[in-house]
Amino acid sequence: MAPQDQTRKAEKAVYGDRSIAASLLGWYDAHHRDLPWRVTPSAFARGTRPDPYRVWLSEVMLQQTTVEAVKAYFWTFVEKWPTVAALAAAPAEDVMKAWAGLGYYSRARNLKACADLVARQGGRFPDTEARLKELPGIGAYTAAAIAAIAFDRPAAVVDGNVERVISRLYSIETPLGEAKPEIRALVEKLVPQKRPGDFAQAMMDLGATICTPKRPRCMLCPLREDCSAILAGDPERFPVRLPKDDRPLRRGATFVAERGDGAILLRKRPEKGLLGGMTEVPTTAWTARADGATTEDAAPFPAGWRRAGRIGHVFTHFALELDVFHAHIEGDAPDGHFWSLAHEISGEALPTVMKKVIEAAIPGATKKQRAH
DNA sequence: CATACGTGGAA
DNA sequence: TTTCCAAGTAT
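Quick caveat, the model's predicted, so the values are computed rather than measured.

Thresholds, definitions, all that
- Residues numbered from 1 in each chain as written.
- Chains lettered and ligands numbered in written order.
- Predicted model: local features only at pLDDT ≥ 70, side-chain atom pairs only at ≥ 80, totals over all residues.
- Core = buried A, V, L, I, M, F, W, Y, C linked by C-beta atoms within 7 Å.
- Buried ≥ 20, exposed ≤ 12 C-beta atoms within 10 Å, placed from the backbone.
- Helix = DSSP H or I, 4+ residues; strand = E, 2+ residues; numbered from the N terminus.
- Domains from an automatic or database assignment.
- Contact = placed C-beta atoms within 7 Å.
- Near = placed C-beta within 6 Å.
- Nonpolar A, V, L, I, M, F, W, Y, C, P; charged D, E, K, R; others polar.
- Expected span 1.5 Å × (residues − 1).
- UniProt positions renumbered as here; feature names shortened; annotations may be inferred.

So, the nonpolar core
- Counting residues in hydrophobic clusters, the biggest one holds 92 residues, and the most contacted among them are L24, I146, V157, M203, V256, V324 and V357.
- With 9 residues, helix α10 (residues 140-151) is the largest single contributor of residues to this core.
- Composition of this core by domain shows at least three residues from each of domain 1 (3-237) and domain 2 (249-361).
- Discounting residues that sit within four places of it in the chain, V357 has contacts with T254, V256, V281, I311, L322 and V324.

So, in structure tokens, the structure goes:
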């Protein structure tokens, strides 16, 4: 018998129906990921507690976003704004600029709104799931995650990883969405009174490194003896998902106006909706019509527009093709627009799609420039 | 309950 | 190339 299996038996004897949590925590102690916002299990055992501000910041950044993508943004934010008070004191515009490229920009607006609220209420985050969930940008998952990780509350933390682990552990045939209440109830039964924060992080690490969507590494799984999907012979079949709808294609035209000194004409998008509050190059509306090529006839003002190319970009619910036009103009910025100087462009609150547009017209224009 | 909301990396 | 999908939230 493998040593791991003997450990497993001993845990069962001690913990009874908590054996799944015990097995998972034992695995986590040995195989946890080291992450910038995380307190390791050994440090936690010695009494170190995570900073709720950093837990909150990381959890919001990690919503629908990969760990690798978050790391650099996390460091940027904690260096610029080490505390919730510092973030509250920052201009919203600076926060949007720092968030540019990370996606789901309403998160940045809610982050700032949440920081303002918490700072106004004394600078401490609430330490219960219910009160956390009242804050902007904090939903069911994030409230539970902060309560468990930052405040050691036995909250049921259910994210995409946990849904996958649980749906396999119990071979749940109900499609995701409909199965969420069932999954939540199962997690609530598993959460231990001791180390609930580590339990939550362990579930997510297991989902991220062992119980992966494709080709799960079941041979290395601490829960393989408990897993119904392994018995059924096909863990990868879970979670069961409903087929998704096709992504429609939209088209439009964008207009990169460049001044003699290299400045580019930009404007701010409305606060709400797609890319809300972010900066953009002047553009036509993005329509579903797939017939005609867009032309410089649609330009916001006359200039010697030359077609510079076409870029593609894929959003969650539609794909976009933009024809990029380029012209050299001089003079004042039209109403609602502003000139962004060449060395300032890389620091603007430009979403990735807009950086692609500018690069198509003026290669290198959005890259970081060395300060003089 | 369904839909809107970004991006980039992996297979 | 295409498809999937990653620590979800707001409406």
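What about the protein's contact with DNA strand C?
- The environment of DNA strand C is formed by 28 residues, the closest being L62, G139, Y141, T142 and G160.
- Where the surface near DNA strand C is concerned, the elements lending two or more residues are α4 (52-61), α10, α11 (160-169) and α13 (196-209).
- The element that contributes the greatest number of residues to the surface near DNA strand C is α10, accounting for 4 residues.
- Looking at the surface near DNA strand C residue by residue, the class counts come to 12 nonpolar, 12 polar and 4 charged.

Regarding the protein's contact with DNA strand B
- Neighbouring DNA strand B are 23 residues, the closest being G103, L274, T316, P351 and T352.
- Counting residues per element, the ones that place at least two in the surface near DNA strand B are α5 (67-80), β4 (306-314) and α15 (352-361).
- Partitioned by chemical class, the residues of the surface near DNA strand B number 9 nonpolar, 11 polar and 3 charged.

Looking at α11
- Among the 10 residues in α11, 8 count as buried, and that is most of the element.
- Residues of α11 that are buried in the fold lie against α12 (180-190), α13 and α14 (228-232).
- Directly after α11, the chain includes S171, whose backbone phi takes a positive value near 35°.

Description of α13
- The end-to-end C-alpha distance of α13 is 20 Å, a good match for the 20 Å that 14 residues give at a rise of 1.5 Å each.
- When you tally the buried positions in α13, you get 12 out of 14 residues, the bulk of the element.
- Considered for burial, the residues of α13 that qualify are P196, G197, D198, F199, A200, Q201, A202, M203, M204, D205, L206 and G207.
- Check the buried side of α13 and you find it contacts α2 (19-31), α3 (41-45), α10 and α11.

Overview of the environment of I264
- Mapping I264 onto the fold places it in strand β2 (residues 264-268).
- Between the C-alpha atoms of I264 and L341, which are 77 residues apart in sequence, the distance is 6.6 Å.
- What I264 contacts, discounting residues up to four positions off in sequence, is V256, A257, E258, S340, I345, I358 and A365.

Some words on the environment of A90
- Within the secondary structure layout, A90 lies in the loop between α6 (84-89) and α7 (92-99).
- Given 17 C-beta atoms within 10 Å, A90 falls into the partly exposed group.
- Put simply, A90 and D116 are 26 residues apart on the chain and 9.5 Å apart in space, counted from C-alpha to C-alpha.
- Not counting residues up to four positions away in its chain, the partners in contact with A90 are W81 and V95.

What to know about the UniProt feature "domain: HhH-GPD" (unreviewed entry) in chain A
- In the numbering adopted here, UniProt assigns the feature "domain: HhH-GPD" (unreviewed entry) to residues 61-209.
- With 64% helix and 0% strand, residues 61-209 has its two end C-alpha atoms placed 20 Å apart.

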